[in-house]
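# Structural overview
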Amino acid sequence: MSNPVLIACAHGTRNADGQAAIRQVLAEIEALRPGLQVVEAYVDVQEPELSAVVAGLPEGTAAVVVPLLLGTGYHVKVDIPKAIKARPEVTAAPPLGPDPRLAELLAERLREAGLREDDGVLLAAAGSSLADGSVDSEEQARLLAGLLPNKVRVAYGASAEPKVPDGVAALRAELAEAGPDGGAGRVVVSSYLLATGYFHDQLFKAEADVVTAPVLPSPVLAEIALERYDAAVALLP
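So, a few notes on the structure that sits alongside this text. (Residues numbered from 1 in each chain as written. Predicted model: local features only at pLDDT ≥ 70, side-chain atom pairs only at ≥ 80, totals over all residues. Heavy atoms only, no water.)

### Regarding helix H4 (residues 100-112)
Given a rise of 1.5 Å per residue, 13 residues ought to cover 18 Å, and the 19 Å separating the end C-alpha atoms of H4 matches this to within 8%. Regarding H4, the residues found buried are Leu-102, Ala-103, Leu-105, Leu-106, Ala-107, Arg-109 and Leu-110. Residues of H4 that are buried in the fold lie against strand S5 (120-125), helix H5 (131-145), strand S7 (187-192) and helix H8 (220-234). Two or three places before Arg-101, at the start of H4, stands the capping residue Asp-99, its side-chain oxygen 2.8 Å from that residue's backbone nitrogen. (Helix = DSSP H or I, 4+ residues; strand = E, 2+ residues; numbered from the N terminus. Expected span 1.5 Å × (residues − 1). Buried < 20%, exposed > 50% of the residue type's maximum accessible area, 1.4 Å probe, protein only. Contact = heavy atoms within 4.5 Å. Polar contact = N/O pair within 3.5 Å; in protein donor to acceptor, adjacent residues only side chain to side chain.)

The structure is reproduced here in structure tokens:
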């Protein structure tokens, strides 16, 4: 029996650099697993749209949707199940995060941005209206905090509280209280986003001192995606 198709399903963006970053992940998945059929799909903004990709599979073709998303949210809990509902031979894997390797990658981005020990770190996630999304982001922040001597807090771009500007202000006040003699460190926003695009651009408006680069590019994402795929395949009847 041939391997199930891997449908790599990202959010979608109008940003050309962001689009290229996601397609690079697909190329890296293919390079790591020669012969595996990898198909791109999106839940918003871009085409091909996931439901159309699933509908276009030949009847009876086994496939695994791997969300190229950093946590659980509406797309993972609602959009993807809805897209595959009519095709029992198509299943879905969990999203990429939270994961200790993502924490290591976030720490690397922070070091690249010049993080100092007295800085505060605000993990900035996209946000979800579902509580599961915040739980995932908080777990990722916990994993990141385990790698750093810094205070690590969480904020969101949309659909959850606190929003990033409020998180920046709260963390700045917390740092000032800890260093009343003018020795308070900076507020560094850790971009917990896959690639450049609308949400990443908004981080620069939050009045932080530093904003890191997003997660991509990194081969780590392809490795995690294949692990999620393999775990889902192992559960197939």
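Still to come is the rest of the account.
### Overview of the sheet that holds strand S4 (residues 90-92)
Spatially, four strands are ordered S2-S1-S3-S4 in an open sheet, and the strand pairing comes out parallel. Because the sheet does not close on itself, it has two edges, and the strands there are strand S2 (38-42) and S4. Averaged over all neighbouring strand pairs, the angle between strand axes comes to 25°, with direction disregarded. Relative to strand S3 (residues 63-67), strand S1 (residues 5-10) runs parallel, the two being bridged by five bridges. In the strand pairing of S3, Ala-8 is matched with Val-66. Set on the sheet, helix H1 (residues 16-32) makes contact with S1 and S2; between it and S2 the angle comes to about 155°. (Pairing = 2+ DSSP bridges. Axes fitted to C-alpha atoms, helices over the stretch in contact; angles between N-to-C directions.)

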